[in-house]
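# A look at the structure
Residue strings, one per chain:
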Amino acid sequence: FAQALPPTMKQSSLVRIFTAELALQLQDFAEYLPYLEKDNWGGTDYLRSAFLANIFQLQGNSAAAATARQNAMEKALKGGSAKQPPAAAPALLKFIDRNKDWDETREALLRKMADFPTFQEDALRTLFAFYQQHHNANGLAQVSLQLASAYPDRLIYANNAASLALLTMPGALWAQTK
């Protein structure tokens, strides 16, 4: 399909994404994988790495999949500053939400997104839900403390932090009050 398109259309981000999604859904990697490995998608290259990660995972190459997921995250976070966070990070998060086998990368991306004031509350709330789903009390406590610290005027965050800290870190609370 993609080979029949004019060269200018092949370079379109939408066509690249559609072709990668189609190859992934059809699990037709023999012809498409070499092209995907060599190509550069410019500003959306993080998505190329993400598609590669899924293809490698489906092929049973977990090490290559992990490397491609890490590359996708690094590319999505590139180009941001404290005042202007990278626009690609939320887009990669949407891609991750549609795919399985990305839990570690999802957690790491959300943690990095929480460093940007623009994304902080949403990222931390999403991490909170992630830790709830995975029954991770320590993660819940850490995120609750971050939310309570970042938003001291919101009592719900302070209450969550206090409750979870009592459950997961009782010694730490007593040490802080001395």
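Let me begin by describing the structure that accompanies this report. (Residues numbered from 1 in each chain as written. Predicted model: local features only at pLDDT ≥ 70, side-chain atom pairs only at ≥ 80, totals over all residues. Heavy atoms only, no water.)

### Focus: the overall build of the protein chain
A count of helices and strands for the protein chain gives 11 helices and 0 strands. When its helices and strands are written in sequence order, the protein chain yields α-α-α-α-α-α-α-α-α-α-α. Of the roughly 10,500 Å² of accessible surface on the protein chain, a fraction of 55% belongs to carbon and sulfur atoms. (Helix = DSSP H or I, 4+ residues; strand = E, 2+ residues; numbered from the N terminus. Areas by Shrake-Rupley, 256 points an atom, 1.4 Å probe, with all protein chains shown as cover.)

### Notes on the nonpolar core
Membership of the largest hydrophobic core comes to 51 residues, with the highest contact counts inside it found for L92 and L109. Contact partners of L109, with chain neighbours within four places excluded, come to M73, L77, A89, L92, L93 and I96. (Core = buried A, V, L, I, M, F, W, Y, C linked by side-chain atoms within 4.5 Å. Buried < 20%, exposed > 50% of the residue type's maximum accessible area, 1.4 Å probe, protein only. Contact = heavy atoms within 4.5 Å.)

### Things to note about unusual backbone geometry
You will see that H135, though not glycine, has its phi angle at about 55°, which is positive. Within the fold, H135 resides in the loop between α8 (120-133) and α9 (137-150).

### Focus: the pattern of salt bridges
Within the structure shown, the criterion is met by 6 salt bridges. Where R154 meets E121, a salt bridge forms, and the shortest distance between an N and an O atom there is 2.2 Å. Separated by 33 residues along the polypeptide, R154 in the loop between α9 and α10 (155-168) and E121 in helix α8 bring together distant segments of the chain. Three or more residues are tied together by salt bridges with common partners; here these are D45, R48 and K75. (Salt bridge = Lys/Arg side-chain N within 4 Å of Asp/Glu carboxyl O.)

### Looking at the environment of F29
For F29, the location among the structural elements is in the loop between α2 (13-26) and α3 (32-38). Residues F29 and F56 lie 27 residues apart in sequence; the distance between their C-alpha atoms is 9.6 Å. With near-sequence residues (within four places) excluded, F29 lies in contact with A23, L24, P34, I55, L58 and Q59.

### A short note on the side chain of D39
Relative to the helices and strands, D39 resides in the loop between α3 and α4 (45-58). The class of D39 is buried, set by a relative accessible area of 16%. Within polar-contact distance, the side chain of D39 engages the side chain of W41 at 3.1 Å. Residue contacts for D39: discarding those within four places in its chain leaves R16, D45 and R48. (Polar contact = N/O pair within 3.5 Å; in protein donor to acceptor, adjacent residues only side chain to side chain.)

### Some remarks on the packing of α4 against helix α5 (residues 62-77)
Closest axis-to-axis distance for the α4/α5 pair is 8 Å, and the angle between their directions is 165°. Relative to α5, the element α4 lies roughly antiparallel. Where α4 crosses over α5, the two elements pack in a sense that is left-handed. When α4 is examined against α5, the residues D45, Y46, R48, S49, A50, L52, A53, F56 and Q57 are found in contact with a partner set consisting of S62, A64, A65, A68, R69, N71, A72, K75 and A76. (Axes fitted to C-alpha atoms, helices over the stretch in contact; angles between N-to-C directions. Parallel < 35°, antiparallel > 145°, perpendicular 65-115°, else oblique. Left-handed = near helix turned anticlockwise from the far one by under 90°.)

### Brief notes about helix α6 (residues 88-97)
Note on helix geometry: an α-helix contains 3.6 residues per turn, so any two residues three or four positions apart are oriented the same way. The set of residues buried in α6 consists of A88, A89, L92, L93, F95 and I96. All buried residues of α6 lie within an arc of 160° about the axis, which places them on one face of the element. Considering only its buried residues, α6 is in contact with α4, α5 and α7 (103-113). (Arc of directions from axis to C-beta.)

### Some points on a nonpolar patch on the surface
On the surface, F18, L22 and L26 cluster together into a nonpolar patch covering about 290 Å² of accessible area. Mapped onto the secondary structure, F18 falls in helix α2. (Patch = residues over 30% accessible without salt bridge, like charges linked within 9 Å, V, L, I, M, F, W, Y side chains within 5 Å.)

### Overview of the packing of aromatic side chains
Applying the stated criterion across every chain, the model contains 6 aromatic pairs. Both rings, one in F95 and one in W102, keep their centres 5.9 Å apart while their planes meet at 75°; by these two values the pair is edge-to-face. Given a relative accessible area of 1%, W102 falls into the buried group. On the basis of an interplanar angle of 55° and a centroid distance of 6.0 Å, the ring pair of Y151 and Y157 is categorised as tilted. Assigned by exposure class, Y151 and Y157 land together as buried. (Phe/Tyr/Trp six-rings, centres within 6.5 Å; stacked < 30°, edge-to-face > 60°.)

So, to be careful, I would describe these as geometric facts and stop short of saying anything about function.
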